[in-house]
Amino acid sequence: MKLTVTDRAYQKIMAHVPLNSKLLLSFDDGVGPFSKVGVCSLDTAFDIIAVDPDANVPDYDQALLSNKGSWAYKGYSKIYLNDNMKLDVKNNQLILSGDSGVLDSEVDIQDLTGQKV
């Protein structure tokens with residue numbers, strides 16, 4: 001599984017998070033300290049979460065390779081992802097798409113660096 005992050009998307013992300021952050025592609029399912037919705041939600045939503053490089057994030061137990069480094073994700077959320085994905089910007093929104101089409105048309109960015117997790 002791989003993620004291609006366009007230069008525009010990477011610039012948008014890096015405008016909101018510190019350069020040395022650990023990046024998480026977080027499936028927002030109500031599990032873990034970063035989720036804001038529950039599993040009963042009808043939407044499939046992803047967030048990009050920046051945490052400190054040494055942050056303990058045991059829910060994020062898998063690595064996703066990208067052209068912009070390795071990102072962590074919840075292993076069980078793989079069923080909502082595609083083998084070939086792209087993160088891009090359209091209408092000033094981050095869009096996550098894959099072989100099956102658009103996975104999330106409004107990916108949020110959260111900077112949680114400096115916070116205890």
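Residues numbered from 1 in each chain as written. Predicted model: local features only at pLDDT ≥ 70, side-chain atom pairs only at ≥ 80, totals over all residues. Heavy atoms only, no water.

Draft legend 1. Structural view of the overall build of the protein. A count of helical and extended segments in the protein gives one helix and eight strands. Among the 117 residues that make up the protein, the fraction classed as buried is 40%. Pairs at least 24 residues apart make up 60% of the contacts formed inside the protein by residues separated by at least 6 positions. Total accessible area on the protein stands at roughly 6,500 Å², and carbon and sulfur atoms take up 48% of it. (Helix = DSSP H or I, 4+ residues; strand = E, 2+ residues; numbered from the N terminus. Buried < 20%, exposed > 50% of the residue type's maximum accessible area, 1.4 Å probe, protein only. Contact = heavy atoms within 4.5 Å. Areas by Shrake-Rupley, 256 points an atom, 1.4 Å probe, with all protein chains shown as cover.)

Draft legend 2. How the structure looks around unusual backbone geometry. Of note, the phi angle at Asn 91 is positive, near 50°, even though the residue is not glycine. Within the secondary structure layout, Asn 91 lies in the loop between strand 6 (84–90) and strand 7 (93–98). In this model, Asn 92 sits at a positive phi of 65°, which is unusual for a non-glycine residue.

Draft legend 3. Just the side chain of Asp 47, in detail. Considering the arrangement of structural elements, one finds Asp 47 in strand 3 (residues 46–51). For Asp 47, the side chain forms a polar contact with the side chain of Gln 110, separated by 3.3 Å. (Polar contact = N/O pair within 3.5 Å; in protein donor to acceptor, adjacent residues only side chain to side chain.)

Draft legend 4. Region of the structure containing the pairing of strand 3. Counted residue by residue, strand 3 has six buried out of six residues, so it is predominantly covered. Side chains Phe 46, Ile 48 and Ala 50 project from strand 3 onto one buried face, and the interleaved Asp 47, Ile 49 and Val 51 project onto a second face that is buried too. By the bridge criterion, six bridges tie strand 2 (residues 22–27) to strand 3 in an arrangement that is antiparallel. The partner of Leu 24 across the bridge, within strand 3, is Ile 49. With four bridges joining them, strand 3 and strand 8 (residues 101–111) adopt parallel strand pairing. Looking at strand 8, one finds that Ala 50 is bridged to Asp 111. (Pairing = 2+ DSSP bridges.)

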